[in-house]
Protein chains: 2
Amino acid sequence: MESMLTLLMFFLLLSHYAFSPVSSDQQHPLDPLTPSEFSLVRTIVKKSYPSPNRNLTFQYISLDEPDKPTIISWLSNPGSTSPPRRALVTIRLEKESQYIIVDLTANSIISDNVYLGHGYPLLTLDEQDAASALPETYEPFIKSIEKRQLNLSDVICTTYTAGRRGGKYIVPVPKAEGTDYRASTQQPPFGPHPNGATFGQPDGPGFKIDGHNIRHIGGCYTEDLCPSYLRLTWTQLRIGTTKPSSIVVNLASANLQYHSSPSPIALSINAVFWDAYYAGEDGVPVNISNALCSFERYAGNIMWRHTESEISDEVIREVRAEVSLVVRMVAVVGNHDYIIDWEFKPDGTIKLGVGLTGVLEVKGVTYTHTDDIREDVYGTLLANNTIGIYHDHFLTYYLDLDVDGEANSFVKNNLETIRTTIQSSPRKSYWTVVSETAKTEGEARIQLGLNQPELIVVNPNKKTKLKLGIMSDTIRGAFTNNNVWVTPYNKSEKWAGGAFVDQSRGEDTLAVWSLIRNREIENKDIVLWYTIGFHHVPSQDEFPVMPTLSGGFELRPNNFFESNPVLKTRAPTLVPGPNCTTQG
Amino acid sequence: MESMLTLLMFFLLLSHYAFSPVSSDQQHPLDPLTPSEFSLVRTIVKKSYPSPNRNLTFQYISLDEPDKPTIISWLSNPGSTSPPRRALVTIRLEKESQYIIVDLTANSIISDNVYLGHGYPLLTLDEQDAASALPETYEPFIKSIEKRQLNLSDVICTTYTAGRRGGKYIVPVPKAEGTDYRASTQQPPFGPHPNGATFGQPDGPGFKIDGHNIRHIGGCYTEDLCPSYLRLTWTQLRIGTTKPSSIVVNLASANLQYHSSPSPIALSINAVFWDAYYAGEDGVPVNISNALCSFERYAGNIMWRHTESEISDEVIREVRAEVSLVVRMVAVVGNHDYIIDWEFKPDGTIKLGVGLTGVLEVKGVTYTHTDDIREDVYGTLLANNTIGIYHDHFLTYYLDLDVDGEANSFVKNNLETIRTTIQSSPRKSYWTVVSETAKTEGEARIQLGLNQPELIVVNPNKKTKLKLGIMSDTIRGAFTNNNVWVTPYNKSEKWAGGAFVDQSRGEDTLAVWSLIRNREIENKDIVLWYTIGFHHVPSQDEFPVMPTLSGGFELRPNNFFESNPVLKTRAPTLVPGPNCTTQG
C-alpha cells in the first residue's frame, strides 16, 4: 500500500497545510485559509448540517481555488480586489461522504454533493487512534498476543490504508538492540564527528518574504532582470509575473490523502520557517509549527565559469558561485520521512528534489543468517529475525506549467542518427534533433529511460520554451510505468489517485481520465504530471534508520531567455569566519 | 572530435598533474612525482638519449605505479620502506615515439620501446603554439582572410586533435556584442545580486591532511568507525584501510590526452588547495597553483531523520545534518570547463559528479532568425550568424574497485515481476530480486536506462558489498553505447582511448580489449568502467557562457556495513553568524 500512499503523498505537502502568512499588504486569491477562515467554515457547516448525534466529522478543509481566468485577471490588475474566498470541505455525515463548497464572503453553502462512488476520504487522526485501540479490546487478538508470550502493553497497533494482509503466523520477536536511534541513548564510541560551523549573511538573506511571496534577490526571478518572482502558498509554489515572458508553475491544491506530520527541519542555519494549519475532525484548525522552511544554499557549486587562454597572451578567468533558494517540507508518512525540496537556481533552473529517509518497514522471520534463507522472503535480512521488505515509493508531481502564457504545447526533441550520403565525407553519420509536438495525451505519455527525448514545454505562439530537463531519480531505471503524462487543464483533475482514494477502485485516477478520453493537448493550457519512482531494496546499511536516498528532476529554461540570465551576476562576497582554513 | 577529447579528458584530471605534497612523514608508493623527481627523470633521459639536434621532446612524464601486489604488501606492513620509485616517460626522438621506464632509485633506464602502432602522443603546448602560428605564414590562408575583409591580427587559430573539417565557405563574422562575460566589462543593470556570506569552522575543517592523505573526520571513513580513510595522490583517489573490511577506489594513472588547464576554484571559503606539476616539452616541471581543492559541504542536506509518533504519546524526532567532503578539480578543455567532484558523504556514499560549463563551440552562418532556417544547421541559433553546434561529452571513469579485498564479482540485481499462483491471494503479482553474477566481460556490459538492474560489486568470499548506485547524469537517457564495462585488472589497460590516441585507429581501446578477449571476471580483481554521456543541444540561455549542467553517479555501500554507519554521529553545532535570519 505504501506506493499508493506515497503516490498521493506529495500533493498534500504544499496543499494540505495552510501556511501561516507573514505580514502581507494584500491577500492573494491563492492564499491559504487563515485560522479564522477555518473557524468560519466550521461554523457555517455545523449550522447548515445540524447533527444531534454528533456524527458530523470534517475529513478535509481547504481553499477552493478561484477559476484560473479569475486568478489571471487578478494578476493582470495589480491592486484589484481579490475574488470571493471559498472553501472546499469534505465531511462524513450519517455514513455518507459529502463534498461541500462554502462561500466565506457570503457566509453560505454554494453547493454540496453526496459522493456515491467507490472509496472514502482518508481516516482522520482521531479515526486512526480509535482504530488502533480496537484490537486491544478484541478477545481473539488478546489471546494471540498471549500465545506469543507478549504483554499487551508492549504491543502497538497502527493504521495504514485498508488492504488485505492475511497470514497469522508466529515468528520470534526481533530484539530491540541497536534499533534505538535517539542521540540521548547512544553509547560511546560516538562519531563520526562533523565539525561545527558558523554561517552568516551580513546583508541578510537573499530573499524577501511578503505574505506568501518569496522574492529571490539572488536569482533571475527578480523583476528587474527576468520578469518573474516566486510566490508560495499552500496550494501552489509559483513563479508568477507582472510582465510578459514568464514561467508559471502551479501545484494544485489536493485533498488529504494521508496524515503526514511535517516537522521542524532545524538544519540550515539561515532558514526561515512557516507554520501550517489543517482542520481537525471537529473542524478546529490545528497548528503545526515550522512545517515548511526556506533557506539559501551555499553548497560551493559553480554557477558558471570559463578560463580562456587562447586569446593573445592574457588568461581570462571568470567564476561565479551558485547561491540557490531552497523551499523545503518534510512529510512523515508512517515509517518513512520524505524531504521535499524545491530548489530555485539563479539561472532559472528549478530542481525538484525528494529525499527518502526514516525507518524501514520490517517484518519478523525465523531467520538469523542470510545463508539459511532458501525461500523468497520478499526482503533483506537486516538483523536477527528482521526482514526489511521490498517496497516502492511513487511520488507524482502535478505541474500546471504556463510557459509565457497558458497556451502551451508539449514537444519531444528526439535525437536521431542521420547517415551521411556524401561519399567523400569521412564522417559516416551524425545525430540531429527532430522535434515532435504531442497532439494528444497519448502522444505525451513517456516512459523515461534509454534514448529518451528532451522534453520541452513551449508556448507555440511565442519564442520561449521551458525544457523539462530530466535529472532523473536514483533508481529510476527500474521504474516501469509511464512517468510523464500531459493532460489539458481541468480544475477537477488534481489528484492522480482520485479524491476518495481510500478503498476506491481507481475509477477517478489520472490513468482513467487520460487513457479513456485521450484529449487534445496542443496549444492548450496543459498540466504535466511527473512521477518519481523508487523500487527500494533495503540494505543493512539502512538499519535501524536509513541514510537519505535522493532523487529528483529539473525544469530548465530552454531558449526561454535570450542569453544567459546570470551573465551579469555579481559574485557573492564570501568571507571566511573564525578559524576557517582558507586559501586562493 | 570533442567526444574523443572528453572521453579521455577525465583521466588526466587526477593523473596528468602531480599534486604537491603537504608535509608527510612517509612517502606512499603512489605519491606523485616531486619536482625534483621530474628533474631527475629529465637528467637521466637526456643523458641516455643524447640528441645533438635538440629534437628530443618529453610528451609525458608520470609515476610508474608499482605492481598492485607490491602496493598491497606495503599497505599491510605500515612503516615498511617504499618500493623503488619509477617514472613512465613518453618521448619523441628522431620522429619516433618511445615509451621509457626510468628507475629513480638506481638512476637508470629499465626499459624503452619504440611505439610502432598507429597514433601519436598528444601535442605538447609548445607544439600546439607552433601549429597555431603556422597558418599566419601560409599565403593561401592569408589571402582567405583578406577576402573576408578581416585583419590577420584579429584572427586566432587554435589546435584541436587532428580531424578532417573541410568546407571553406564564407559567412558573416558574428558581432562581438554580448559575448564578453568578464565582470569588469559589464554595464548596468547588474544582477542578480546574491548576498554575501561568512562561513567559519571554529574547530577547523573536519578533515586532516597528511601528505597526500585526506582523513575525513566527519565521515565514516575514520578508522575508529569504519576502518578506512581517504588518500589522494595524483594517480588515485583512494579509500584505503589498515583493517579488514574496506573500500578501495583506485583511479589509474593516465597519459596526457589533452592539455587541460586546471585553475583556481576560488569558490568555497573553507577550501584547501593543492598545486600540481606536469612536465614541459623540455622535461622541466611546470607548476600549476591551486589545481585541486578540497572542502566540506554544508548544503543544508539531511543525512537522516525520523519522526516517530506512533509509540505511546511521546513524539520522537531525530535529525542529522550532512557534512560531506568534496575533492574538486576543474579542467578546461578548449572551450569547455569540466568541474570534476568527488563527494564523500559521511554514510560512505561516494558521489562522482561532473559539472559542465564554459563557452559553447560555435560556427558562423548567414542566418539571423531561427524562422529563416530551412536546412539542418547541426545546431541552435544562439545569436545573429552564430550557431551553437550539437556535440557530445563522454567521460569515462576507471574504477579499480577492491571491495573488502581484491577478489570481487560484479552482480546484477534484476527486479523481476512474479505472478502469484495462489488463487485466494488478492495480490496478483509482486516484484522480487533475482541476482545474476557476471562471469565474463560480455555479461557485464550494460546500457543504463529503463529497467536497469541494481549494479553491485561484491567480494563473493565475504559478506560485504558495494553497490554502484546509479544516480545517472542529466541527459543520460540519450546515451546510446554501453556505459558500464567490467574488465579484469590489467596494469596496461588504463586509458579507455589508448596510450597514443592522437590520430590512432582505435586498436588500443577498452572496446577492443574487452570485445575481443571477453575474459572471465568472476571472483577476480576487477576494474569497473563507467561512462557519463551528455548529448548537448545548445540553447540561447547558454550564451555566451553556459550555466553549469550537472551529472554524475554514486557508489553506495550496500550491505557493506552491518548497520547505519552514521547512526551514532553527532549533529554538528551550527551557529548563526552576524545578521543571520534564523529560527526554530
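Residues numbered from 1 in each chain as written. Chains lettered and ligands numbered in written order. Predicted model: local features only at pLDDT ≥ 70, side-chain atom pairs only at ≥ 80, totals over all residues. Heavy atoms only, no water.

Assigned secondary structure in chain A consists of 6 helices and 30 strands. Within chain A, the proportion of its 584 residues that are buried is 60%. If you take every contact in chain A between residues at least 6 apart in sequence, the share linking residues at least 24 apart comes to 68%. (Helix = DSSP H or I, 4+ residues; strand = E, 2+ residues; numbered from the N terminus. Buried < 20%, exposed > 50% of the residue type's maximum accessible area, 1.4 Å probe, protein only. Contact = heavy atoms within 4.5 Å.)

Attention now moves to the environment of glycine 218 of chain B. For glycine 218 of chain B, the location among the structural elements is in the loop between β8 (213-216) and β9 (229-232). Glycine 218 of chain B sits in the buried class, given a relative accessible area of 2%. Taking the C-alpha atoms as reference, glycine 218 of chain B lies 37 Å from aspartate 392 of chain B; in sequence the two are 174 residues apart. Setting aside residues up to four positions removed in sequence, glycine 218 of chain B forms contacts with Pro192, His193 and Pro194 of chain A together with Gly206, Val323 and Pro346 of chain B.

Quick look at the sheet that holds strand β2 (residues 57-63) of chain A now. Residue and element names in this part refer to chain A. Strand order in the open sheet formed by 4 strands is β2-β3-β4-β5, and the pairing between neighbours is antiparallel. Of all the strands in the sheet, the pair left with one neighbour each is β2 and β5 (108-115). Here the average twist between neighbouring strands, direction ignored, is 20 degrees. Inspection of the sheet shows β2 paired to strand β3 (residues 86-93) by 6 bridges, in the antiparallel sense. Paired with serine 62 across the bridge in β3 is leucine 88. Along the sheet, helix α2 (residues 35-48) makes contact with β2, β3, β4 (96-103) and β5, crossing β2 at roughly 135 degrees. (Pairing = 2+ DSSP bridges. Axes fitted to C-alpha atoms, helices over the stretch in contact; angles between N-to-C directions.)

Quick look at the pairing of strand β20 (residues 379-383) of chain A now. Residues and elements named next belong to chain A. Among the 5 residues that make up β20, 4 are buried, leaving the element largely enclosed by the rest of the structure. Relative to strand β21 (residues 386-389), β20 runs antiparallel, the two being bridged by 4 bridges. When the bridges of β21 are listed, glycine 379 appears paired with isoleucine 389. Remark: 2 residues form the turn of the hairpin made by β20 and β21, two consecutive strands paired antiparallel; asparagine 385 in that turn has positive phi of roughly 60 degrees.

A few words now on the sheet that holds strand β20 (residues 379-383) of chain B. Residue and element names in this part refer to chain B. A sheet is described by the order of its strands in space; here 3 strands give the open sequence β19-β21-β20, paired in antiparallel fashion. Each edge of the open sheet carries a strand with a single partner, namely β19 (362-364) and β20. Strand-to-strand twist of the sheet, defined as the mean angle between neighbouring strand axes without regard to direction, takes the value 40 degrees. Across 3 bridges, β19 lies against strand β21 (residues 386-389) in antiparallel orientation. Looking at the pairing, valine 362 lines up with glycine 388 of β21.

What follows is about the packing of aromatic side chains. Within the structure shown, the criterion is met by 26 aromatic pairs over all chains. Between tyrosine 378 of chain A and tyrosine 430 of chain B, the ring centres sit 5.1 Å apart and the planes meet at 90 degrees, which makes this aromatic pair edge-to-face. With tyrosine 378 of chain A in the loop between β19 (362-364) and β20 and tyrosine 430 of chain B in strand β24 (residues 429-437), the pair connects residues from two separate chains. Aromatic side chains tyrosine 397 of chain B and phenylalanine 553 of chain B sit 5.2 Å apart centroid to centroid with 85 degrees between the ring planes, which places their arrangement in the edge-to-face category. Placement of tyrosine 397 of chain B in strand β22 (residues 391-403) and of phenylalanine 553 of chain B in strand β29 (residues 546-557) is noted, with a sequence separation of 156 residues between them. Here phenylalanine 553 of chain B falls in the buried class, since its relative accessible area comes to 0%. The structure contains a cluster of three or more aromatic residues connected by ring pairs, namely Trp342, Phe344, Tyr397, Tyr530 and Phe553 of chain A. For lysine 68 of chain A, the ring lying beneath its charged end belongs to tyrosine 489 of chain A, and the centroid distance is 4.7 Å. (Phe/Tyr/Trp six-rings, centres within 6.5 Å; stacked < 30°, edge-to-face > 60°. Lys NZ or Arg CZ within 6 Å of the ring centre and 35° of its normal.)

Residue and element names in this part refer to chain B. Within helix α6 (residues 510-517), burial applies to Leu510, Trp513 and Ser514. End-on, the buried residues of α6 take up no more than an arc of 85 degrees, which puts them together on one face. Among the exposed residues of α6, those pointing more than 90 degrees away from its buried face are Leu515 and Ile516. Packing partners of the buried residues in α6 comprise β27 (484-488) and β28 (524-536). (Arc of directions from axis to C-beta.)

This part takes up the environment of aspartate 337 of chain A. Inspection of the secondary structure puts aspartate 337 of chain A in strand β17 (residues 336-344). For the pair aspartate 337 of chain A and methionine 546 of chain A, spaced 209 residues apart in sequence, the C-alpha separation works out to 9.8 Å. Among residues more than four places away in sequence, those in contact with aspartate 337 of chain A are Val330, Ala331, Val332, Gly355, Leu356, Thr357 and Gly358 of chain A together with Arg305, His306 and Thr307 of chain B. Here the side chain of aspartate 337 of chain A touches histidine 306 of chain B through a polar contact of 2.5 Å, side chain to side chain. (Polar contact = N/O pair within 3.5 Å; in protein donor to acceptor, adjacent residues only side chain to side chain.)

Another aspect to go through is the pairing of β8 of chain B. Residue and element names in this part refer to chain B. Pairing of strand β7 (residues 207-210) with β8 involves 4 bridges; the strand directions are antiparallel. When the bridges of β8 are listed, phenylalanine 207 appears paired with histidine 216. Linking β7 to β8, which pair antiparallel, is a turn of 2 residues; within it glycine 211 sits at a positive phi near 60 degrees.

With that out of the way, let us pick up helix α2 (residues 35-48) of chain B. All names here are of chain B. Over its 14 residues, α2 runs 20 Å from end to end, which matches the ideal 20 Å to within 8%, given 1.5 Å per residue. All of the buried residues along α2 are Glu37, Phe38, Val41, Ile44 and Val45. Buried residues along α2 cover an arc of 130 degrees about the axis, so they all sit on one side. Projecting away from the buried face of α2 at angles above 90 degrees are the exposed residues Ser36 and Lys47. (Expected span 1.5 Å × (residues − 1).)

As a further point, take the pattern of salt bridges. A full pass over the atoms with the stated rule returns 40 salt bridges over all chains. The shortest N-O distance in the salt bridge between aspartate 67 of chain B and lysine 491 of chain B comes to 3.6 Å. Taken as a pair, aspartate 67 of chain B in the loop between β2 (57-63) and α3 (68-76) and lysine 491 of chain B in the loop between β27 and α6 lie far apart in primary sequence, 424 residues in all. We classify aspartate 67 of chain B as partly exposed; its relative accessible area is 46%. According to the relative accessible area criterion, lysine 491 of chain B is partly exposed, its value standing at 25%. For glutamate 554 of chain B, the salt bridge is made with lysine 345 of chain B, and the minimal N-O distance between the two is 3.7 Å. Taken together, the residues glutamate 554 of chain B in strand β29 and lysine 345 of chain B in the loop between β17 (336-344) and β18 (350-358) connect sequence positions 209 residues apart. A relative accessible area of 7% means that glutamate 554 of chain B is categorised as buried. Where salt bridges share partners, they join Arg297, Arg328, Asp341 and Glu343 of chain A into one cluster. (Salt bridge = Lys/Arg side-chain N within 4 Å of Asp/Glu carboxyl O.)

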